[in-house]
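Structural characterization, general
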Amino acid sequence: MPPIFIITGVSGSGKTTIGQILAAYLTCPFADADAFHPPENISKMSAGIPLTDADRSGWLLAMNQYIRQQKNGLVLACSALKQTYREQLGQGVAEDSLHWIHLFGEMDLIRRRMANRKGHFMPESLLASQFDTWEAPDKGLLLQIDQTPEEILREIITSMAIPTQWGIVGLGVMGVNLARNFARRGF
């Protein structure tokens, strides 16, 4: 199975932003967990009512099925606040295919971010319930969000040893030698 990168964190932590730039870097599809919520979940959250485990059950199952259908890799932005949710997302997926990236930060910083975003159904009033629900992950990369998206991407690439892709085209003999030198040095 191709690599699946799942970016987790509370609402407003930057999952979508980081997920989109990581997917662009990897040239693979991006999916946002918000698109998998049934209308009832969105209505509850819009009304300031936290979701229950029962509310999340079908949502997690739909994403797990989507993950398992991917043939070209995927970056998924999903809160996955509890370990049991992360286990449900990865059920039936080869362990070595899953790459977990967890974003975390101070509640005040995230609250300011949420106050500035437009058009999202998740109200700032639910942020405390997300922090209460969050369980520290037992595996994956844990990243502070008090840096720029570019710095976070650089940290992901470095920490997870994601290869940079190079191509050398049309340089004749010089290109062959350059390609051999790159290969010899691990590029």
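The coordinates are above.
What counts, and where the lines are drawn
Just so you know, the residues in each chain are numbered from 1, in the order the chain's sequence is written. Local features in this predicted model are restricted to residues of pLDDT 70 or higher, and side-chain atom pairs are both shown and tallied only at a pLDDT of 80 or more, whereas totals for entire chains, interfaces and linings draw on every residue. Only hydrogens and water are removed before side-chain values are computed, so all heavy atoms of the structure are retained for them. Helix axes are fitted to C-alpha atoms over the stretch in contact, other axes to C-alpha atoms as well, and angles between N-to-C directions run from 0 to 180 degrees. Under the DSSP-based scheme used, a helix requires at least four consecutive residues in state H or I and a strand at least two consecutive residues in state E, with every element numbered from the N terminus. In this description, contact between two residues means that some pair of their heavy atoms is separated by no more than 4.5 Å. The nonpolar class holds Ala, Val, Leu, Ile, Met, Phe, Trp, Tyr, Cys and Pro. Asp, Glu, Lys and Arg form the charged class, and all remaining residues, Gly among them, are polar. Throughout this description, buried means an accessible area under 20% of the type-specific maximum (1.4 Å probe, protein chains only), exposed means over 50%, and partly exposed covers the range between. Whether two strands pair comes down to DSSP finding at least two bridges between them. To be clear, the arc concerns the directions from the helix axis to the C-beta atoms. A side-chain nitrogen of Lys or Arg and a carboxyl oxygen of Asp or Glu constitute a salt bridge if their distance falls within 4 Å.

1. A word on the packing of helix H3 (residues 53-69) against helix H4 (residues 83-90)
- One can describe the packing of H3 onto H4 by two numbers: an axis separation of 7 Å at closest approach and a directional angle of 35°. Contacts between H3 and H4 pair Asp 53, Arg 56, Leu 60, Met 63, Asn 64 and Ile 67 from the former with Tyr 85, Gln 88, Leu 89 and Gly 90 from the latter.
- In the contact of H3 with H4, the residues fall into 5 nonpolar, 3 polar and 2 charged.

2. Let's talk about the pairing of strand S4 (residues 98-104)
- Across the 7 residues of S4, 5 count as buried, placing the element largely inside the fold.
- Here S4 runs beside strand S5 (residues 141-144); their pairing, made up of 4 bridges, is parallel. Note that in S5 the partner of Phe 104 across the bridge is Gln 144.

3. Structural notes on the pairing of strand S3 (residues 74-77)
- What you see with S3 is no split at all: Leu 74 and Leu 76 on one side and Val 75 and Ala 77 on the other are buried throughout.
- Looking at chain direction, strand S1 (residues 4-8) and S3 are connected through 4 bridges and run parallel. Bridging from a neighbouring strand, Ile 7 pairs with Ala 77 of S3.
- Both strand S2 (residues 30-32) and S3 contribute to a ladder of 3 bridges, which runs parallel. Each bridged residue has a counterpart across the sheet, and for Ala 31 the counterpart in S3 is Leu 76.

4. Describing H4
- If you check which residues of H4 are buried, you get Gln 83, Tyr 85, Arg 86, Leu 89 and Gly 90. In a view along the axis of H4, the buried residues occupy a sector of 160°, so they form one face of it.
- Turning to H4, the residues buried within the fold contact S1, H3, S3, S4 and helix H6 (127-133).

5. Things to note about the pattern of salt bridges
- By the definition in use, this model includes 3 salt bridges.
- Among the salt bridges present, the one from Lys 82 reaches Asp 53, with a minimum N-O distance of 3.3 Å. Of this pair, Lys 82 sits in the loop between S3 and H4 while Asp 53 sits in helix H3, and the two are 29 residues apart along the sequence.
- Residues Glu 95 and Lys 139 are paired through a salt bridge, measuring 2.6 Å at the closest nitrogen-oxygen approach.

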